[in-house]
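Coordinates in review
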Amino acid sequence: QSHDLYQMNGLNENQFTSHTIRVESERIDKVINQLGELITLKTSLSHLYKNGYEGKSTWENFSALLQELNQAVSKLQMSAMDLRMIPVRQLFTRFPKIVRDIAKQLGKKVELHFVGADTEIDKHMGESLIDALTHLLRNAIDHGIEDPKEREAQGKDPTGHVTLSARQEGSFIVIGVTDDGRGLNLEKIRKKALATGLINENSNLSQKEIINLIFSPGFSTADRVSEISGRGVGMDVVLTNLKKLQGDIDVLTEPGQGTTFLLKVPL
């Protein structure tokens with residue numbers, strides 16, 4: 001996996017908005033060759049049909065050709081899908097400016113790191129994840145990363161660190177948003193859920209169940225409404241968008257160490 005620290009300037013942040021995709025010539029050649037196989041099989045099937053008779057050999061040939069056609073279509077489908085694959089680097093390059101602007105607005109110092117930026121994702125899938133990733137980055141900087149003085153008092157680097165990572169797991173892509181901030185305040189989440197009637201005093205919830213409360217519609221622990229937090233647009237929107245993509249999200253958190261959101265979507 002590549003590990004790149006992107007400086008907050010000198011990036012082509014409009015790269016991902018292009019309506020064109022650069023495709024390696026080998027990928028195009030593969031699709032054209034497989035299309036040629038399909039045309040050959042189609043021609044053979046047509047001849048067999050025209051010259052067909054109810055002989056055993058004809059049906060054996062017909063069956064064999066159908067099997068070859070099925071394999072050729074499957075290979076062409078995979079190659080066609082492969083043409084839409086792009087490195088997540090193209091998705092990630094829009095985020096340094098967003099991180100820089102939010103950090104400046106909040107008076108915080110934040111560096112954005114990329115891990116596994118060469119991992120490939122379907123272009124349309126990547127575009128569908130932009131809003132979710134933007135929201136998670138906003139949350140990481142606002143709720144997760146502490147103020148520089150608070151970090152120094154805890155013996156931390158005054159500059160907060162947020163990492164966007166990507167890796168392939170079988171037929172899925174896993175994209176992570178990790179911060180080295182204060183971690184989720186489970187008690188604060190529980191109290192807010194009590195106050196809003198999501199749970200009651202008798203609710204005996206595990207840590208995972210408490211964490212999952214943040215995905216409830218309109219849930220927010222923000223003490224005040226700002227352009228960044230407490231606007232009623234919460235983690236439920238992120239989860240809803242992921243479900244539409246047949247994906248899911250998992251959360252790992254450690255008090256004083258930070259939080260990771262893992263987005264898992266089909267390859």
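Now for a look at the structure at hand. (Residues numbered from 1 in each chain as written. Predicted model: local features only at pLDDT ≥ 70, side-chain atom pairs only at ≥ 80, totals over all residues. Heavy atoms only, no water.)

1. A closer look at the overall build of the protein
Formally: Note on conventions: DSSP H or I runs of at least 4 residues are helices, E runs of at least 2 residues are strands, and numbering of each starts at the N terminus. For every residue, the accessible area (1.4 Å probe, protein chains only) is compared with the maximum for its type, and the residue is labelled buried under 20%, exposed over 50%, or partly exposed between those bounds. In what follows, residue pairs with any heavy atoms lying within 4.5 Å of each other are defined as contacts. Residue-level accessible areas treat just the shown protein chains as cover; the underlying method is Shrake-Rupley with a 1.4 Å probe.
When helices and strands are counted, the protein shows nine helices and eight strands. Per-residue burial over the protein gives 39% buried out of 267 residues. At a minimum sequence separation of 6, the contacts of the protein that also span at least 24 residues come to 73%. When the accessible surface of the protein is summed, it comes to about 15,400 Å², and 50% of that surface belongs to carbon and sulfur atoms.

2. A short note on the pattern of salt bridges
Using the following cut-off: Salt bridges are defined as contacts in which a side-chain nitrogen from Lys or Arg sits within 4 Å of a carboxyl oxygen from Asp or Glu.
Under the criterion given, the structure shown has 15 salt bridges. D82 is the partner of R27 in a salt bridge, and the nearest nitrogen-oxygen pair spans 3.4 Å. Pair noted here: R27 is in helix α1 (residues 25–50) and D82 is in helix α2 (residues 56–82), with a separation of 55 residues, a long-range link. You can call R27 buried: its relative accessible area is 17%.

3. Structural notes on the side chain of R27
Applicable threshold: Any pair of nitrogen or oxygen atoms within 3.5 Å is treated as a polar contact; in protein, a donor-acceptor pairing is required on top of that, and neighbouring residues in sequence qualify only through side-chain atoms on both sides.
A distance of 3.1 Å separates a polar atom in the side chain of R27 from the backbone oxygen of D82. Once you skip the residues sitting within four places of it in the chain, R27 turns out to touch D82, L83, M85 and E120.

4. So, the packing of aromatic side chains
Quick reminder of the rule: Pairing of aromatic side chains requires ring centres within 6.5 Å, counting the rings of Phe and Tyr and the six-membered ring of Trp. Pairs whose planes differ by under 30 degrees are stacked, by over 60 edge-to-face, and all others tilted.
As enumerated under the stated definition, the model contains one aromatic pair in all. Taken together, a centroid distance of 5.1 Å and an interplanar angle of 50° make the contact between F92 and F114 tilted. In this pair, F92 sits in helix α3 (residues 89–92) while F114 sits in strand β3 (residues 110–115), placing the two residues 22 residues apart along the sequence. Here F92 and F114 have matching classes, each one buried.

5. Overview of helix α9 (residues 235–244)
Condition: It is the directions from the helix axis to the C-beta atoms whose arc is reported.
Looking at α9, one finds that the buried residues are M235, D236, V238 and L242. Along the axis of α9, the buried residues cluster in a sector spanning 160°; they form a single face. Buried residues along α9 sit against α5 (123–144), β7 (248–254) and β8 (258–266). Positive phi appears at Q246, one or two residues downstream of α9, with a value of about 60°.

6. Focus: the pairing of strand β5 (residues 160–169)
As a reminder, the rule being used: Strands pair, by our definition, only if DSSP identifies at least two bridges between them.
Across six bridges, the pairing between β3 and β5 is parallel. Paired with V110 across the bridge in β5 is G160. The sheet contact formed by β5 and strand β6 (residues 172–179) spans eight bridges and is antiparallel. The residue of β6 that forms the bridge with L164 is V177.

7. A closer look at the environment of H113
Tracing the backbone through its elements, the reader meets H113 in strand β3. For H113, a relative accessible area of 12% puts it in the buried group. Sequence spacing of H113 and S165 is 52 residues, and the spatial spacing of their C-alpha atoms is 8.2 Å.

8. Section: the side chain of K156
If you trace the backbone, K156 turns up in the loop between α6 (148–153) and β5. For K156, a relative accessible area of 18% corresponds to the buried category. At 2.9 Å, the side chain of K156 forms a polar contact with the backbone oxygen of G181. In terms of polar contacts, K156 uses its side chain to reach the backbone carbonyl oxygen of G256, at 2.8 Å. Residues in contact with K156, not counting those within four places in the same chain, are E146, R151, D180, G181, R182, G256 and Q257.

9. Remarks on the packing of α5 against α9
To be explicit about the condition: In this description, a line fitted to the C-alpha atoms serves as the axis of each element, helices being fitted only across the stretch in contact, and the angle between N-to-C directions of two axes falls anywhere from 0 to 180 degrees. Roughly parallel means an angle under 35 degrees; roughly antiparallel means over 145; roughly perpendicular covers 65 to 115; every other angle is labelled oblique. Should the near helix be turned counterclockwise from the far one by less than a right angle, the crossing is left-handed, whereas a clockwise turn marks it as right-handed.
The interhelical angle for the contact between α5 and α9, taken along N-to-C directions, is 150°, at an axis separation of 9 Å. Here α5 is positioned roughly antiparallel relative to α9, judged by the angle of their axes. Remark: the crossing between α5 and α9 carries left-handed chirality. Seen from α5, the contacting residues are L129, A132, H135, L136 and N139; seen from α9, they are M235, V238 and L242.

10. Describing a nonpolar patch on the surface
Cut-off, in case you're wondering: The patches reported here contain residues having more than 30% relative accessible area and no salt bridge. Joining distances are 9 Å for like charges and 5 Å for nonpolar side chains (Val, Leu, Ile, Met, Phe, Trp, Tyr).
Nonpolar side chains collect at one region of the surface, where V23, I28 and I32 lie side by side and expose about 230 Å² of accessible area between them. Mapped onto the elements, I32 comes out in helix α1.

Purely geometric stuff here, so don't read any function into it on its own.
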